[in-house]
Amino acid sequence: MTNDVTHTADKTPAETPETTTGRRIYRPLTDIVETTDGVTLMLEMPGVAAEDVDITLEKRVLTIRGKVHATQPEKLQLAYAEYGEGDFERAFTMSDDFDPDKIGAQLSNGVLTLTLPRAAEAQPKKITVKAS
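Scoring rules and cut-offs
Residues numbered from 1 in each chain as written. Predicted model: local features only at pLDDT ≥ 70, side-chain atom pairs only at ≥ 80, totals over all residues. Heavy atoms only, no water. Core = buried A, V, L, I, M, F, W, Y, C linked by side-chain atoms within 4.5 Å. Buried < 20%, exposed > 50% of the residue type's maximum accessible area, 1.4 Å probe, protein only. Helix = DSSP H or I, 4+ residues; strand = E, 2+ residues; numbered from the N terminus. Pairing = 2+ DSSP bridges. pLDDT = per-residue confidence, 0-100. Contact = heavy atoms within 4.5 Å. Salt bridge = Lys/Arg side-chain N within 4 Å of Asp/Glu carboxyl O. Polar contact = N/O pair within 3.5 Å; in protein donor to acceptor, adjacent residues only side chain to side chain.

Turning our eyes to something else, we now look at the nonpolar core. Across soluble globular proteins, nonpolar side chains have a tendency to be buried as a group. By size, the foremost hydrophobic cluster in this structure holds 17 residues, and its most contacted members are Leu 41, Leu 43, Met 45, Ile 64 and Leu 116. Of all the secondary structure elements, the ones that give two or more residues to this core are strand E5 (38–44), strand E6 (48–58), strand E7 (61–68), strand E8 (86–93) and strand E10 (111–117).

Below is the structure:
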């Protein structure tokens, strides 16, 4: 699996063309854990509800999008803002050894966790040796 973006310590706008919505698109911070069974991705997506996450896999490119609904304080006028609201998007190019039918996703406390199990034929095979 290859990552098409650079590492960053802060939430940064994605390097994409302007959107039709006029909103910022952020690249969610992501941790990746790889095991012999597969890969787990954990993406920070604060303010995104499970029904507002869109995950697609097309031509080995896994694309994750999350839509944030703007929040406006009732009867208050914002005097200063540091938190930039916007949607999230990140794409990863996958190798052929993952099983696309078994990819799982769960959103909890602003963190989207994707599990990408390796295909059975890509799993390492253990060969037992019998004593004679």
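Back to the text.
The subject of this paragraph is the pairing of E5. Bridging between strand E4 (residues 30–34) and E5 involves 5 bridges; their strand directions are antiparallel. Considered in E5, the bridge of Ile 32 is made with Leu 41. Counted along the chain from E4 to the antiparallel partner E5, the turn is 3 residues long. Taken together, the 7 bridges between E5 and E10 define a ladder with antiparallel strand orientation. Of the residues in E10, the one forming a bridge with Glu 44 is Val 111.

To continue, consider the confidence of the model for the chain. On average, residues of the chain carry a pLDDT of 83, and 82% of them reach 70 or more. With pLDDT under 50 throughout, residues 2–12 is counted as low confidence; its partners more than four residues away or in other chains account for 18 contacts.

Turning our attention to the pattern of salt bridges. A complete count under the given rule lists 5 salt bridges for this structure. Between Arg 118 and Asp 97 there is a salt bridge, and its shortest N-O distance comes to 3.0 Å. Here Arg 118 is found in the segment after E10, whereas its partner Asp 97 is found in the loop between E8 and strand E9 (104–108), with 21 residues between them in sequence. A relative accessible area of 12% means that Arg 118 is categorised as buried.

Moving on, we get to the side chain of Thr 30. Counting through the fold element by element, Thr 30 comes out in strand E4. A distance of 3.1 Å separates a polar side-chain atom of Thr 30 from the backbone oxygen of Pro 28. A polar atom in the side chain of Thr 30 sits 3.0 Å from the side chain of Arg 90. When near neighbours in sequence (up to four residues on either side) are disregarded, Thr 30 contacts Leu 41, Met 42, Leu 43, Arg 90 and Phe 92.

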